[in-house]
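Chain by chain, the residues run as shown.
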Amino acid sequence: MTEISHEDPADLEPDFSLTVDAADAGKRLDAVLAAHLEALSRNRIQSLIKSGDVTVGGAKIVEPKYRVNEGDALCLTLPEAEDPEPQGEDIPINVVFEDEHLIVVDKPAGLVVHPGAGNWTGTLVNALIHHCGDSLSGIGGIKRPGIVHRIDKDTSGLLVVAKTDQAHQGLAAQFADHGRTGPLERAYAALVWGAPSSLKGTIDANLARSQSNRQKIAVVKTSGRRAITHWQVKERFGNDDQPALASLMECRLETGRTHQIRVHMAHISHPLIGDNDYGSGFKTKVNRLEDPLRTLVSDFSGQALHAGLLAFEHPVNGKTLRFESPYPPDFAKLLSGLQKF
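Let me sum up the structure you'll find in this document. None of the values given here were measured: they were computed from a predicted structure.

1. Considerations on the pairing of strand 7 (residues 102-107)
When a strand is regular, its side chains alternate between the sheet's two faces.
Turning to step 1, where the next piece is worked out: Burial analysis of strand 7 places 6 of its 6 residues in the buried class, which makes it a mostly covered element.
Turning to step 2, where the next piece is worked out: Here strand 7 shows no split at all, with Leu 102, Val 104 and Asp 106 on one side and Ile 103, Val 105 and Lys 107 on the other all buried.
Turning to step 3, where the next piece is worked out: Summarising the sheet, strand 6 (residues 94-98) and strand 7 pair through 4 bridges and their orientation is antiparallel. What sits directly across from Asn 94, in strand 7, is Asp 106.

2. Quick look at the pattern of salt bridges
Close approach of charged atoms allows side chains with opposite charge to pair.
Turning to step 1, where the next piece is worked out: One pass over the structure, following the stated rule, counts 13 salt bridges.
Turning to step 2, where the next piece is worked out: Residue Asp 30 pairs with Arg 42 through a salt bridge whose shortest N-O separation is 3.1 Å. Of this pair, Asp 30 sits in helix 1 (residues 29-36) while Arg 42 sits in helix 2 (residues 42-50), placing them 12 residues apart in sequence.
Turning to step 3, where the next piece is worked out: Of the residues examined, Asp 30 reaches a relative accessible area of 0% and is grouped as buried.
Turning to step 4, where the next piece is worked out: The class of Arg 42 is partly exposed, set by a relative accessible area of 37%.
Turning to step 5, where the next piece is worked out: The residue Asp 204 makes a salt bridge to Arg 226 at a minimum N-O spacing of 2.5 Å. Taken together, the residues span a long stretch of sequence, with Asp 204 in strand 10 (residues 200-204) and Arg 226 in the loop between strand 12 (217-219) and strand 13 (228-237) at a distance of 22 residues.
Turning to step 6, where the next piece is worked out: For Arg 226, a relative accessible area of 49% puts it in the partly exposed group.
Turning to step 7, where the next piece is worked out: Within this structure, Arg 150, Asp 152, Arg 262, Asp 275 and Asp 277 form a network of salt bridges that share partners.

3. Brief notes about empty space enclosed by the protein
Turning to step 1, where the next piece is worked out: Evaluated as defined, the whole model comprises 1 cavity of 30 Å³ or more.
Turning to step 2, where the next piece is worked out: For the largest cavity, the calculated volume is near 30 Å³.
Turning to step 3, where the next piece is worked out: If you go around the largest cavity, the residues you meet are His 149, Leu 158, Arg 186, Tyr 188, Ala 307, Leu 309 and Leu 310.
Turning to step 4, where the next piece is worked out: Of all elements in the fold, only strand 9 (185-193) and strand 15 (305-313) reach the threshold of two or more residues within the lining of the largest cavity.
Turning to step 5, where the next piece is worked out: Of all the elements, strand 15 adds the most residues to the lining of the largest cavity, at 3 residues.
Turning to step 6, where the next piece is worked out: By residue class, the composition of the lining of the largest cavity is 5 nonpolar, 1 polar and 1 charged.

4. What to know about the packing of aromatic side chains
Aromatic ring pairs are described here by two measures, namely the spacing of the ring centres and the angle between the planes.
Turning to step 1, where the next piece is worked out: All chains considered together, the criterion is met by 4 aromatic pairs.
Turning to step 2, where the next piece is worked out: Taking the centre distance of 6.3 Å and the plane angle of 15 degrees together, the rings of Trp 193 and Phe 282 count as stacked. Of this pair, Trp 193 sits in strand 9 while Phe 282 sits in the loop between helix 5 (260-267) and helix 6 (283-288), and the two are 89 residues apart along the sequence.
Turning to step 3, where the next piece is worked out: What makes Phe 282 partly exposed here is its relative accessible area of 23%.
Turning to step 4, where the next piece is worked out: Centroid distance Phe 312 to Phe 323: 6.1 Å. Interplanar angle 35 degrees. Geometry classified as tilted. Placement of the pair is Phe 312 in strand 15 and Phe 323 in strand 16 (residues 320-324), with a sequence separation of 11 residues.
Turning to step 5, where the next piece is worked out: We classify Phe 312 as buried; its relative accessible area is 0%.

Reading guide: rules and limits
- Residues numbered from 1 in each chain as written.
- Predicted model: local features only at pLDDT ≥ 70, side-chain atom pairs only at ≥ 80, totals over all residues.
- Heavy atoms only, no water.
- Buried < 20%, exposed > 50% of the residue type's maximum accessible area, 1.4 Å probe, protein only.
- Helix = DSSP H or I, 4+ residues; strand = E, 2+ residues; numbered from the N terminus.
- Pairing = 2+ DSSP bridges.
- Salt bridge = Lys/Arg side-chain N within 4 Å of Asp/Glu carboxyl O.
- 1 Å grid on protein atoms, 1.4 Å probe; cavity = no way out; pocket = protein on both sides within 12 Å on 5 of 7 lines; lining within 4 Å.
- Points joined across faces, edges and corners; volume = space filled by probe spheres on them.
- Nonpolar A, V, L, I, M, F, W, Y, C, P; charged D, E, K, R; others polar.
- Phe/Tyr/Trp six-rings, centres within 6.5 Å; stacked < 30°, edge-to-face > 60°.

Rendered as structure tokens:
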């Protein structure tokens, strides 16, 4: 029996190798590989051989009909799958500002910023390609043309996208500096559970992928990446029965990490309302509320986070641009319900 180094073709990352035994000696190269790689068709294997992705004894063999010998070491290298190039789609977007260098949009909650696994279409990038055409910068890569920062799918608010390489480089430098030496500002409105005892503070806590769930981010004591969030309480909500039900907070980023505000708020025991990933422990609070507030909270889609302020230096003319976005209707309705609590 031919000795195989991988039993499951799905695990071929990046190489599949086998040693030819007497039973397979004298057979065609493509036939031997096809017999042991049920996940790949004979035609696919022939194509890989012709493109130089198969070696016999370390030498590339480009003839599918090549006859193998006993003891030959066969190796097939699967090329990395190429991400599909995003196509323009006629998706409505709220353009706040646009010139020949950049575009600022007000993203609704529920819209993914750039294509990725499970979201190859219907993203902001697809909408921007349709809107901007060939002017959209490709310096950010095929999946992220012009993207210099992002906000989560279920977060609404302001986002700037570069349309030229010059703008992309200038904006990327500002976001990498996090506003330490320039006018870059990013402020978010957040509706959170509970009410901090103080009116403002700073969270300085490193973030990394959670070891228990790689889809989530966690605060870590060592390693990870430094993350700093400055917060300020704008309004507190409660009554005699629940005096510290929730708060409206402003969060300003000194760094920009994945899920930073969501994780940091949960870290100080004030997770965002509607955040099922980091605030699931507060679901019991919803059940204790009375209508109409209970319905407002239950029906709120995603986390109550809105990127309402964005300021930066224009990367070409040097002018400081500052934009503010009003609360989206569902956020405003939830806020109104909390104010009446």
